[in-house]
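# Examining the three-dimensional arrangement
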Amino acid sequence: MITGSCLCGEISYQIRGEIPEGVSGCHCNQCRKVTGHFSAAAPVAWNAITIEGSPRWYDSTPGKARRGFCSTCGSYLFWEQYDGIVFVSAGSMDAPTGLSLKRHIFYADKGDYYRCEDGAPCYVGWETGEEIDA
């Protein structure tokens with residue numbers, strides 16, 4: 001079981017089972033703005049996560065996706081695309097997670113001040129699309 005929480009502890013969660021897809025680094029403009037760099041998150045089925053506390057939700061892409069955060073400390077915790085899956089912020093998870101970074105998505109939108117040289121594949125958009133050199 002993986003557990004995690006926001007910075008102040010007002011919101012915590014428990015994830016049952018494994019996360020076979022690992023962590024994705026998302027470099028899209030929205031993720032960069034909400035995190036201050038890029039988002040590292042892992043997909044989890046809603047029926048495998050229990051949340052204690054009440055995240056505040058921001059409809060970041062109206063009708064398509066929303067982001068959950070703690071309204072007290074501001075910790076960014078969740079991203080949901082309304083398909084039964086929630087991406088959980090890897091930085092909010094308690095160690096050890098046993099997870100690893102598997103891919104970078106929307107790498108074409110990354111900030112101009114860094115390069116990812118961790119060996120994970122980098123994709124122009126979603127991981128089903130064209131790969132791009134880091």
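In what follows, the accompanying structure is described. Think of each chain on its own: its residues are numbered from 1, step by step along the sequence as written. pLDDT decides what is reported in this predicted model: residues at 70 or higher carry local features, side-chain atom pairs at 80 or more are listed and counted, and totals for whole chains, interfaces and linings draw on all residues regardless. Working from all heavy atoms in the structure, the side-chain values ignore hydrogens and water.

## Structural notes on the sheet that holds strand 1 (residues 2-5)
A pair of strands is treated as paired once DSSP finds two or more bridges between them. Runs of E in the DSSP output that reach at least two residues are strands. Runs of H or I that reach at least four are helices, and both are numbered from the N terminus. Read across the sheet, 3 strands follow the order 1-2-5 without closing on themselves; strand pairing throughout is antiparallel. The sheet is open, and its two edges are formed by strand 1 and strand 5 (49-52), each paired on a single side. For this sheet, the mean angle separating the axes of adjacent strands, direction not counted, is 15°. Direction of pairing for strand 1 relative to strand 2 (residues 12-15): antiparallel, over a ladder of 4 bridges. The residue bridging Gly4 from the neighbouring strand is Tyr13, located in strand 2. Axis geometry follows a simple rule: fit a line to the C-alpha atoms, using only the stretch in contact for helices, then measure angles between N-to-C directions, giving values from 0 to 180 degrees.

## Some details on the nonpolar core
Within soluble globular proteins, side chains that are nonpolar tend to cluster in buried spots. In this description, a nonpolar core means a group of buried Ala, Val, Leu, Ile, Met, Phe, Trp, Tyr and Cys residues linked to one another through side-chain atoms lying within 4.5 Å. Three exposure classes are used, based on accessible area relative to the maximum for each residue type with a 1.4 Å probe and protein chains only: buried under 20%, partly exposed in between, and exposed over 50%. One finds Ile15, Val44, Ile49, Val88 and Met93 to be the most contacted residues of the largest nonpolar core, which totals 17 residues. At the level of elements, strand 2, strand 4 (39-45), strand 8 (76-80) and strand 9 (85-89) are the ones that each hand at least two residues to this core. With residues up to four places along the chain from it excluded, the contact list for Ile15 reads Met1, Ile2, Val44, Ala48, Ile49, Val88 and Met93. Formed by 5 residues, the second largest nonpolar core is a distinct cluster that contains Cys26, Cys28, Cys31 and Ile105. A contact between two residues is defined here by any heavy atoms of the two lying within 4.5 Å.

## Some thoughts on the environment of Pro96
Topologically, Pro96 is positioned in the loop between strand 9 and strand 10 (101-105). Residue class for Pro96 comes out exposed when judged on its relative accessible area of 74%. In this structure, the C-alpha to C-alpha distance between Pro96 and Thr3, residues 93 residues apart in sequence, is 9.5 Å.

## Some remarks on the pattern of salt bridges
When the charged atoms of two side chains lie near each other, side chains of opposite charge can form a pair. Every case where a carboxyl oxygen of Asp or Glu lies within 4 Å of a side-chain nitrogen of Lys or Arg is listed as a salt bridge. Evaluation of the coordinates by the stated rule reveals 2 salt bridges. The partner of Arg66 in a salt bridge is Glu80, with the nearest N and O atoms 2.6 Å apart. Within this pair, whereas Arg66 is found in strand 7 (residues 65-69), its partner Glu80 is found in strand 8, the two being separated by 14 residues in sequence. Arg66 sits in the partly exposed class, given a relative accessible area of 24%. With its nearest N and O atoms 3.2 Å apart, the salt bridge here joins Arg115 to Glu117.

## Quick look at the sheet that holds strand 4
The strand order across the open sheet built from 7 strands is 6-7-8-9-4-3-10, with neighbouring strands paired in mixed fashion. The outermost strands of the open sheet, each flanked by one partner alone, are strand 6 (56-61) and strand 10. Pairs of neighbouring strands in the sheet enclose a mean axial angle of 30°, with direction left out of account. In this structure, strand 7 lies alongside strand 8, joined through 4 bridges in antiparallel fashion.

## Notes on the packing of aromatic side chains
Any pair of Phe, Tyr and Trp rings, taking the six-membered ring for Trp, is counted once the centres come within 6.5 Å. Such a pair is stacked with planes under 30 degrees apart, edge-to-face with planes over 60 apart, and tilted for the rest. The full count for this structure, using the stated rule, is 7 aromatic pairs. Here the aromatic rings of Phe38 and Tyr114 are separated by 5.9 Å at their centres, their planes lie at 25°, and the arrangement is stacked. Of the two residues, Phe38 is situated in the loop between helix 1 (29-35) and strand 4 and Tyr114 in the segment after strand 10; the sequence distance between them amounts to 76 residues. Taking relative accessible area as the criterion, Tyr114 reaches 11% and is therefore assigned buried. For a Lys NZ or an Arg CZ to count as sitting over a ring, it must be within 6 Å of the ring centre and within 35 degrees of the ring normal. Positioned above the aromatic ring of Trp57 is the side chain of Arg66, whose terminal nitrogen or guanidinium carbon lies 3.8 Å from the ring centre.

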